[in-house]
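# Fold and geometry: a report
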Amino acid sequence: MEAFRRVKSNRGAAGVDDQSIKEFEKDWKNNLYKLWNRMSSGSYFPPPVLRVEIPKGDGGTRPLGIPTVADRIAQTVVKARLEPELEEIFHVDSYGYRPGKSAIEAVGVARERCWRANWVLDIDIKGFFDNIDHGLLMRAVCKHTDSKWIRLYIGRWLTAPVQMPDGSLVKPEKGTPQGGVISPLLANLFLHYAFDMWMQRNRPCIPFERYADDVICHCVSKTQSEWLLASIEKRLAECKLELNLQKTRIVYCKDDRRKGNYPGVKFDFLGFSFQPRMVKGPYSGIFVGFTPSISNKATKAIRDEIRRWRLHRRTRQSLEDFSRFYNPVIRGWVNYYGSFYKSKLYEVFNPLNLTLARWAMRKYKKLWGHQRRAGSWISKIRRRSPHLFAHWQLAPMSVAGQ
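Description of the structure in this document.

Definitions and limits used
Residues numbered from 1 in each chain as written. Predicted model: local features only at pLDDT ≥ 70, side-chain atom pairs only at ≥ 80, totals over all residues. Heavy atoms only, no water. Pairing = 2+ DSSP bridges. Helix = DSSP H or I, 4+ residues; strand = E, 2+ residues; numbered from the N terminus. Axes fitted to C-alpha atoms, helices over the stretch in contact; angles between N-to-C directions. Contact = heavy atoms within 4.5 Å. Salt bridge = Lys/Arg side-chain N within 4 Å of Asp/Glu carboxyl O. Buried < 20%, exposed > 50% of the residue type's maximum accessible area, 1.4 Å probe, protein only. Core = buried A, V, L, I, M, F, W, Y, C linked by side-chain atoms within 4.5 Å. Polar contact = N/O pair within 3.5 Å; in protein donor to acceptor, adjacent residues only side chain to side chain. Disulfide = S-S within 2.5 Å. Expected span 1.5 Å × (residues − 1). Arc of directions from axis to C-beta. 1 Å grid on protein atoms, 1.4 Å probe; cavity = no way out; pocket = protein on both sides within 12 Å on 5 of 7 lines; lining within 4 Å. Points joined across faces, edges and corners; volume = space filled by probe spheres on them. Nonpolar A, V, L, I, M, F, W, Y, C, P; charged D, E, K, R; others polar.

Ordered in space as β6-β7-β3-β8, the four strands form an open sheet in which the pairing is antiparallel. The sheet terminates laterally at β6 (208-211) and β8 (249-252), the two strands that pair on one side only. Put simply, the sheet's adjacent strands are angled 15 degrees from each other on average, direction ignored. Relative to the sheet, helix α8 (residues 183-202) contacts β3 (119-124), β6 and β7 (214-219), its axis offset from that of β6 by approximately 175 degrees. Sheet strands in contact with helix α9 (residues 222-238) are β3, β7 and β8, and its direction is about 20 degrees off that of β3.

Have a look at this one:
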């Protein structure tokens, strides 16, 4: 029942059986009893995972696997049992999908270490979730649990067939589907041994931050970065993984203290771009620091999402309606990306201010065709009710045409 509550709170789409969470809930007692009965007797076999292609920012797609609602509940049961045991052994600098850890914490630690170390190795693993070796992963699972039913069902989830968009079924020989409840935990366990513990044993003087398969290592020189890159490439090959050398890069943390000139002085990590920027000192003065702010990719994603709302066409609704519908999303963006170099967000949300002015021009006859007047009207609303939209509290609003 607790697993069902967690799955319900996370929402999510239906799987191959087209059963939504609402439909499952209509007969939840019988549905949960059947699932418990099969799992406790060892006769539960996961249904196929529905494959969906999610567009990526670079124009490609990311394969996402959607289990059925019942299967997500079953995975949540296993995760609730296994996760506390694994949390005791996971590395302190592993931040992804862990209770008490966050992406913002990883970015903050990376920022501090970029101040201390001159070089960064930004690692990209090619198709990580799709290439996890089942044999190596099961060895790690068996090392940390002697529960036969946990081992049994993890093994079955790893080999559960995948239903492709054309309806065909494919039985995977490696990988764990992104979208599964248990997948992030298994991915962390795999990289705990493939990377974290290997670094701790063999490269203890090189700090790193890892969020799932996003990894940043801090080096004292370019030579050390190049040596580490070759070592990690060899190590991952031993674990049947491959570096994406086109996206893996060595970066110089350029700031006022570091006088060398190198071509690579920027990297992206968890939606933030680390690069030289003008920053204000803690007491006074302006200097060039190597700091994070919202990345161009994240900026484009936010603006694309705002464009999809098509607010300027929804003249039957009010500003209060927009605030109620979208302020939780806007607040989430502000809270996350405003954690570092918040002033960069001013320009990110200017298109939203412009969209609200366009909405006012369409809604009120007195503003038809008067962009400057509509911008002034929105500005007055902002001064009167600064908490109506979360981004209005960042800085004085700029509306194009004003």
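From this point, the discussion proceeds with the structure in view.
Evaluated as defined, the whole model comprises 17 salt bridges. A salt bridge links Arg-210 to Asp-196, with the nearest nitrogen and oxygen atoms 2.8 Å apart. Linking Arg-210 in strand β6 with Asp-196 in helix α8, this pair joins segments that are 14 residues apart in sequence. In this structure Asp-196 comes out as buried when scored by relative accessible area, which is 0%. Within the structure, one salt-bridge network assembled from shared partners comprises Glu-2, Arg-5 and Arg-6.

Further remarks concern the nonpolar core. Core analysis: the biggest nonpolar cluster contains 55 residues, and Ile-73, Ile-123, Phe-128, Ile-154, Phe-195, Cys-217 and Ile-232 have the highest contact counts within it. The leading source of residues in this core is α8, at 10 residues. What Cys-217 contacts, discounting residues up to four positions off in sequence, is Trp-119, Val-120, Leu-121, Ile-123, Phe-195, Met-199, Ile-206, Pro-207, Phe-208, Leu-228 and Ile-232. Among the nonpolar cores identified, the runner-up in size contains 51 residues, and Phe-267, Phe-269, Ile-330 and Leu-394 belong to it.

By the secondary structure assignment, Arg-258 is in the loop between β8 and β9 (267-269). When its relative accessible area of 5% is taken as the criterion, Arg-258 is described as buried. Looking at Arg-258, its side chain comes within polar contact range of the main-chain oxygen of Cys-114, at 3.0 Å. Of the polar contacts made by the side chain of Arg-258, one reaches the backbone oxygen of Trp-115; its length is 2.7 Å. Excluding anything up to four places from it in sequence, Arg-258 contacts Cys-114, Trp-115, Arg-116, Ala-117, Asn-118, Tyr-252 and Cys-253.

Spatially, four strands are ordered β2-β1-β4-β5 in an open sheet, and the strand pairing comes out mixed. Two strands bound the open sheet, and with one partner strand each, they are β2 (61-66) and β5 (169-170).

Moving on to the state of the cysteines. The bond known as a disulfide is covalent and runs between the sulfur atoms of two cysteines. Counted under the stated rule, the structure contains zero disulfides. This cysteine, Cys-142, is not joined by any disulfide, and Cys-239 carries the nearest cysteine sulfur, 17 Å off.

Turning next to helix α3 (residues 28-41). Between its terminal C-alpha atoms α3 stretches 20 Å, which fits the 20 Å expected from 14 residues at 1.5 Å a residue. Of the residues making up α3, those classed as buried are Asn-31, Leu-32, Leu-35 and Met-39. Looking straight down α3, one finds its buried side chains confined to an arc of 95 degrees; they lie on one side. Away from its buried face by more than 90 degrees, α3 exposes Lys-29 and Ser-41. Residues of α3 that are buried make contact with α1 (2-10), α2 (21-26), α4 (69-87) and α7 (148-158). Among the residues trailing α3, Gly-42 stands out with phi positive, at a value near 80 degrees.

With respect to the secondary-structure elements, Thr-223 resides in helix α9. With relative accessibility at 60%, the residue Thr-223 sits in the exposed group. For the pair Thr-223 and Trp-119, spaced 104 residues apart in the sequence, the C-alpha separation amounts to 9.7 Å.

A few words now on empty space enclosed by the protein. Going through the model one piece at a time under the given rule, you end up with three cavities of 30 Å³ or more. Each pocket or cavity is described by its volume, and for the largest cavity that value is around 70 Å³. Broken down by secondary-structure element, the contributors of at least two residues to the lining of the largest cavity are α4, α7 and α8. Among the residues making up the lining of the largest cavity, the classes are represented as seven nonpolar, four polar and one charged. When its volume is computed, the second largest cavity comes out at roughly 40 Å³. Lining the second largest cavity are Arg-51, Pro-63, Leu-64, Gly-65, Asp-130, Pro-177 and Gln-178. Tallying contributions element by element places β2 first for the lining of the second largest cavity, with three residues. Here the lining of the second largest cavity is built from residues that sort into three nonpolar, two polar and two charged.

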